[in-house]
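An overview of the molecular structure
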Amino acid sequence: MNFLNIRSCLQPAAVTFAASLMACLPAWAVDPFTVRDIRVEGLQRIESGTVFASLPVRVGDQYSDEKGAAAIRALFALGLFKDVRLETQGDILVVVVEERPSVATVEFIGLKEFDKDMLLKALRDVGLAEGRPYDKALADKAEQELKRQYISRSLYGAEVVSTATPVDRNRVNLSFTITEGGPAKIKQIQIVGNKAFTESDLRDQFNLDTGGWMSWYTKSDRYARNKLNADLEALRSFYLSRGFLEFRIDSTQVAISPDKQEMAITINVTEGERFVVSGFKLEGNYLNKDDEFKALVKIELGKPYNAEKVAETSKAFTDYFGTFGFAFARVEVKPEIDRASNRVQFVLQAEPSRRAYVRRILVSGNNRTRDEVIRREFRQYEAAWYDGDKIRLSRDRVDRLGFFTSVNVETIEIPGVPDQVDLAFTVTEKPTGSISLGAGFSSAEKVTLSFGIRQENAFGSGNYLAVEVNTSKYNRNLVLSTTDPYFTQNGISRTFDVFQRTTRPYLGDINSYSLVNSGVGLRFGLPVTETDTVFVGATAEQTQIKEGSGVPLPTPYKEYASDFGSTSTAFPLTLGWSRDGRDSALVPTNGTYQRLNADLSLAGDVRYFRSNYQYQQYFPITKKYTLALNADLGWGQGLNGQQFPIFKNFYVGGLGSVRGFEQSTLGPKSTDATPIYVGGSKKLVFNAELMMPFPGAANDKTLRLYGFADIGSAFGIDQITKIEEKMSLNDLRASVGIGLSWISPMGPLRFSYAAPIRQQTGDKIQKLQFQIGTSF
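This structure is a prediction, so every number in the text was calculated from the model and none was measured.

Reading the values: rules and limits
Residues numbered from 1 in each chain as written. Predicted model: local features only at pLDDT ≥ 70, side-chain atom pairs only at ≥ 80, totals over all residues. Heavy atoms only, no water. Helix = DSSP H or I, 4+ residues; strand = E, 2+ residues; numbered from the N terminus. Buried < 20%, exposed > 50% of the residue type's maximum accessible area, 1.4 Å probe, protein only. Contact = heavy atoms within 4.5 Å. Areas by Shrake-Rupley, 256 points an atom, 1.4 Å probe, with all protein chains shown as cover. Pairing = 2+ DSSP bridges. Axes fitted to C-alpha atoms, helices over the stretch in contact; angles between N-to-C directions. Phe/Tyr/Trp six-rings, centres within 6.5 Å; stacked < 30°, edge-to-face > 60°. Lys NZ or Arg CZ within 6 Å of the ring centre and 35° of its normal. Expected span 1.5 Å × (residues − 1). pLDDT = per-residue confidence, 0-100. Patch = residues over 30% accessible without salt bridge, like charges linked within 9 Å, V, L, I, M, F, W, Y side chains within 5 Å. Salt bridge = Lys/Arg side-chain N within 4 Å of Asp/Glu carboxyl O. Parallel < 35°, antiparallel > 145°, perpendicular 65-115°, else oblique. Left-handed = near helix turned anticlockwise from the far one by under 90°. Nonpolar A, V, L, I, M, F, W, Y, C, P; charged D, E, K, R; others polar. Core = buried A, V, L, I, M, F, W, Y, C linked by side-chain atoms within 4.5 Å.

**Things to note about the overall build of the protein chain**
If you tally the helices and strands in the protein chain, you get 13 helices and 34 strands. Burial status across the protein chain gives 42% buried among its 776 residues. A separation of at least 24 residues holds for 60% of the contacts in the protein chain among residues at least 6 apart in sequence. Element-wise, carbon and sulfur atoms account for 53% of the exposed surface of the protein chain, whose accessible area totals about 39,200 Å².

Structural data, given as structure tokens:
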């Protein structure tokens, strides 16, 4: 028997393999022969077909030492074997292999900082996972990857030791024993070379800091390279927006203590001179619209150089070229510096290139959402001139659907066709369905239990479907709602609701009465402009005034039931309008929001008109501070000689209106021995809030602190004189205070502490108010 054996001299590493092989071959050379058969020995888990597919030799081929060496190289390249031998038995080639053990399980001992699945994914990326071949070099690489993961969270002292335990069928159980230790915290941040600004002012631009009372939440005192890079960019932007055109960061040093628990950061900067803008001029082809482009210039003459204004000007020019179909316009801003006077002039060089029209619009990433759901939001059409405004509007409309975590648009040139482009819309889908079961607590509602099934993109059609149940001590709601946003092809939406709402008094005896409002509603939304929508609809509803057990019905409800019955029906027609120009519906910092709703009931047992108008305005005072103003007005009137239905009254007081007063207690109240608050047919509410980041959590937009001032009240029938109250500014209540809002994992949380500054005798004061969870 002849054989070629490289067990003792072949190294598994690719770099040493060829040299080792060449050293071994001469000692085991065999004469060429024709292969009559090939056998494989030593396989346990690996299919023989895997070996045969990798061999360069087939039955009937002429075998040679070169082909034998190539066969061994190919089998080792699979990474499945730790030893390979070729033996010959006459004209039979025998391939003898020894498999590497495979990984049976991967376990972590001492893991606290990370989720196990996250680390398993990191190990999978370096080639180590259950079912894959195992070798010690790969385990060492995995240890380094785990240490890298811990370093990313400032755990520089983390130690990782791997242990491979053999089990049956040539497998190993791999365990990583981790000693995490404590995080390395930043003890010092030093900036060297600053002259124009104090070190404290510059450190305020950083998200990293030396720790504070909120560091347990923000982890701002934990060093990470990507965080430092972001802070350096913030520092650079700070200088470049204040005239320091030649500012640069010379070096950055990060030092760690011997025990790997403390870190010091030193940043060396050169500020340079401060330059003032002396002027600008346009050069190039501006389509004979120089004056229009000049109107887009954001650069301010006579003021310090501001890189942000320069970038805004360049973008405005490029976008404006896009509105004329120039998809590839280039705008270059060249500074002309006069160092003698520290002044700078900018040359805005423009080249519109060529006009193009859109050949095709491609959509990708929508694995669940139908193409038509996305395409019907487009305002840029195929075979039309490229229009930058319409493309941005299309992107924004797709983003506002709420079905995607990201929406990106790329302009693709078509080779050989200079006047055509393709647009590629790439979306990343997010889960749009939810099943929720939860509980909340508020100072007004007490304990609230809720259950909901909601699908915002049912079956990828873009339709909304929801079933919501809410129960509390005072309010119980059951709502079924469905919306088709494109009931017609031109974007008219249709919403269908079925509801039952039960309400009990906040104050007084909770068993004295309850109001049960049941009905169905149908509404249509008609888009008028890109930001305006008009709503029309109709509702059929029934309201029951139910008397409590053993407790007399309060006088206002008894009188209303006597005049109109304890059960009444109504068929109100609805007309509404909304305009949303906010930059974010979740945490707005700029823009306006308006809505107007009106209900008119001319059929059924009760006849009335009810309207409500809300206006919100957000002013970005600085990057961190936002002023928010809100006005909420309501007015109702009974028709055909009837009084306004008492169960349609407006209520004021508490969170959402005038804080510092108990929920729904501002306005008329009954004359019973235990009075209840019945609300009014009119209301006035005005709010002002100064919103700011929570100290130590500047980057968390869901956690905000605010100071506020509220004023308002409800007006209705005086329960003593039975005369309609006039709306008087003297009757408005007011309060000031501070509050906290947080979109927490449990739901929105609002907390306020208010001090009434304008009140009347008998008002119910509640300075501390809060709510966890949502209500509807």
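**Notes on the sheet that holds strand E15 (residues 343-351)**
Sheet architecture is open: 3 strands sit in the order E13-E15-E14, paired in mixed fashion. Each edge of the sheet is formed by a strand with only one pairing partner; in this case those strands are strand E13 (276-284) and strand E14 (330-338). Taken over all neighbouring pairs, the strand axes of this sheet differ in orientation by 20 degrees on average, direction set aside. In the packing of helix H10 (residues 307-323) onto the sheet, the strands contacted are E13, E14 and E15, and the crossing angle to E14 comes to about 150 degrees.

**Observations regarding the side chain of Asn366**
Here Asn366 lies in the loop between strand E16 (357-364) and helix H11 (371-375). Setting aside its immediate chain neighbours within four residues, Asn366 contacts Asp371, Ile374, Val427 and Glu429.

**With respect to the sheet that holds strand E18 (residues 417-429)**
Across the sheet, which stays open at both edges, the 3 strands sit in the order E16-E18-E17 with mixed pairing between neighbours. Each edge of the sheet is formed by a strand with only one pairing partner; in this case those strands are E16 and strand E17 (404-414). Taken pair by pair, the neighbouring strands of this sheet meet at an average axis angle of 20 degrees, ignoring direction. Pairing of E17 with E18 involves 10 bridges; the strand directions are antiparallel. The residue bridging Asn408 from the neighbouring strand is Thr426, located in E18. Of the strands in this sheet, E17 and E18 are in contact with helix H12 (residues 388-400), which crosses E17 at around 155 degrees.

**Considerations on the packing of aromatic side chains**
How two aromatic rings sit relative to each other is given by the distance of their centres and the angle of their planes. The final tally for this structure, using the stated rule, is 27 aromatic pairs. Summarising the aromatic geometry, the rings of Phe197 and Tyr239 are spaced 5.4 Å apart at their centres and angled 80 degrees between planes, so their arrangement reads as edge-to-face. With a gap of 42 residues between them, Phe197 in the loop between strand E10 (185-192) and helix H6 (199-203) and Tyr239 in helix H8 (residues 225-240) connect regions that are remote in the sequence. Residue classification places Tyr239 among the buried residues on the basis of a relative accessible area of 0%. When the centroid spacing of 4.7 Å and the interplanar angle of 40 degrees are considered together, the rings of Phe293 and Phe321 count as tilted. Taken together, the residues Phe293 in helix H9 (residues 290-294) and Phe321 in helix H10 connect sequence positions 28 residues apart. Judged by relative accessible area, Phe293 falls into the buried class, the value being 0%. A relative accessible area of 0% means that Phe321 is categorised as buried. Members of the aromatic cluster, connected to one another through ring pairs, are Tyr286, Phe293, Phe317, Tyr320, Phe321, Phe324 and Phe326. Above the plane of the ring of Trp385 lies Arg355, whose end atom (NZ or CZ) is 3.9 Å from the centre. For Arg659, the ring lying beneath its charged end belongs to Phe708, and the centroid distance is 3.9 Å.

**Digging into H8**
With 16 residues, H8 ought to run about 22 Å at 1.5 Å a step, and its terminal C-alpha atoms sit 22 Å apart, in line with that. Along H8, the residues that are buried comprise Leu228, Asp231, Leu232, Leu235, Phe238, Tyr239 and Leu240. On its buried side, H8 packs onto H6, strand E11 (248-256), strand E12 (262-270) and H10.

**A few points about the confidence of the model for the protein chain**
In the predicted model, the protein chain carries a mean pLDDT of 85, and 90% of its residues have values of at least 70. Of the regions scoring below 50 in pLDDT, residues 1-27 engages in 43 contacts with residues more than four places distant in sequence or in other chains. Predicted confidence is poor over residues 436-448, with pLDDT under 50, and the contacts of this stretch with residues over four places away or in other chains come to 41 contacts.

**Some thoughts on a nonpolar patch on the surface**
Taken together, the side chains of Ile453, Leu465, Val467, Leu478, Leu480, Phe496, Val498, Val520 and Leu522 present a nonpolar region at the surface, about 650 Å² in accessible area. For the nonpolar patch, the elements supplying multiple residues, two or more each, are strand E21 (463-472), strand E22 (475-484), strand E23 (493-503) and strand E24 (513-527). If you trace the backbone, Leu478 turns up in strand E22.

**Side note on the pairing of E18**
Looking at chain direction, E16 and E18 are connected through 7 bridges and run parallel. Bridging from a neighbouring strand, Arg360 pairs with Asp422 of E18. The hairpin turn running from E17 into E18, its antiparallel successor, is 2 residues long, and Gly416 in that turn takes a positive phi close to 80 degrees.

**A look at the environment of Ala196**
In this fold, Ala196 is placed in the loop between E10 and H6. Distance in space between the C-alpha atoms of Ala196 and Tyr239 is 9.5 Å, their sequence separation being 43 residues.

**Regarding the packing of helix H4 (residues 116-125) against helix H5 (residues 136-151)**
Two numbers describe how H4 lies on H5: the axes approach to 10 Å, and their chain directions differ by 135 degrees. Considering their axes alone, H4 and H5 lie oblique with respect to each other. Two packed elements cross with a definite hand, and for H4 against H5 that hand is right-handed. Listed contacts from H5 to Met118, Leu119, Ala122 and Leu123 of H4 are Ala142, Glu145, Leu146 and Gln149. Taken together, the residues that form the contact of H4 with H5 break down as 6 nonpolar, 1 polar and 1 charged.

**Points about unusual backbone geometry**
Peptide bonds are trans in most cases, and residues, glycine excluded, mostly fall at negative phi. The phi dihedral of Leu287 is positive, around 60 degrees, even though this residue is not glycine. In this structure, Leu287 sits in the loop between E13 and H9.

**Thoughts on the nonpolar core**
In this structure, Leu235, Tyr239 and Ile267 are the most contacted members of the largest nonpolar core, which totals 22 residues. Where this core is concerned, the elements lending two or more residues are E10, H8 and E12. The element contributing the most residues to this core is H8, with 5 residues. When neighbours within four sequence positions are excluded, Leu235 is seen to be in contact with Leu202, Phe206, Phe247, Ile249, Ile267 and Val269. The next biggest cluster of nonpolar side chains, apart from the first, holds 21 residues, and it includes Leu138, Tyr150, Val172 and Leu174.

**Some thoughts on the pattern of salt bridges**
Two side chains with opposite charge may pair up if their charged atoms get near one another. One pass over the full model with this rule turns up 40 salt bridges. In this structure, Asp250 and Arg248 form a salt bridge, with 2.8 Å as the shortest nitrogen-oxygen distance. The partly exposed category is assigned to Arg248, whose relative accessible area is 46%. Residues Arg750 and Glu689 are paired through a salt bridge, measuring 3.5 Å at the closest nitrogen-oxygen approach. Separated by 61 residues along the polypeptide, Arg750 in strand E33 (residues 747-758) and Glu689 in strand E30 (residues 682-693) bring together distant segments of the chain. The class of Arg750 is partly exposed, set by a relative accessible area of 32%. One network of salt bridges, in which partners are shared, links Lys315, Asp319, Asp389 and Arg392.

**Thoughts on the side chain of Ser514**
Its location among the elements puts Ser514 in strand E24. Excluding its chain neighbours within four sequence positions, the residues that come into contact with Ser514 are Thr502, Thr503, Arg504, Gln544, Ile545 and Lys546.

**Things to note about H12**
Its 13 residues place the ends of H12 18 Å apart at the C-alpha level, agreeing with the 18 Å of an ideal helix rising 1.5 Å per residue. Residues of H12 that are buried: Gly388, Ile391, Ser394, Arg397 and Val398. As for H12, its buried residues are in contact with H10, H11, E17 and E18. Phi turns positive one or two residues past the end of H12, at Gly402, with a value near 80 degrees.

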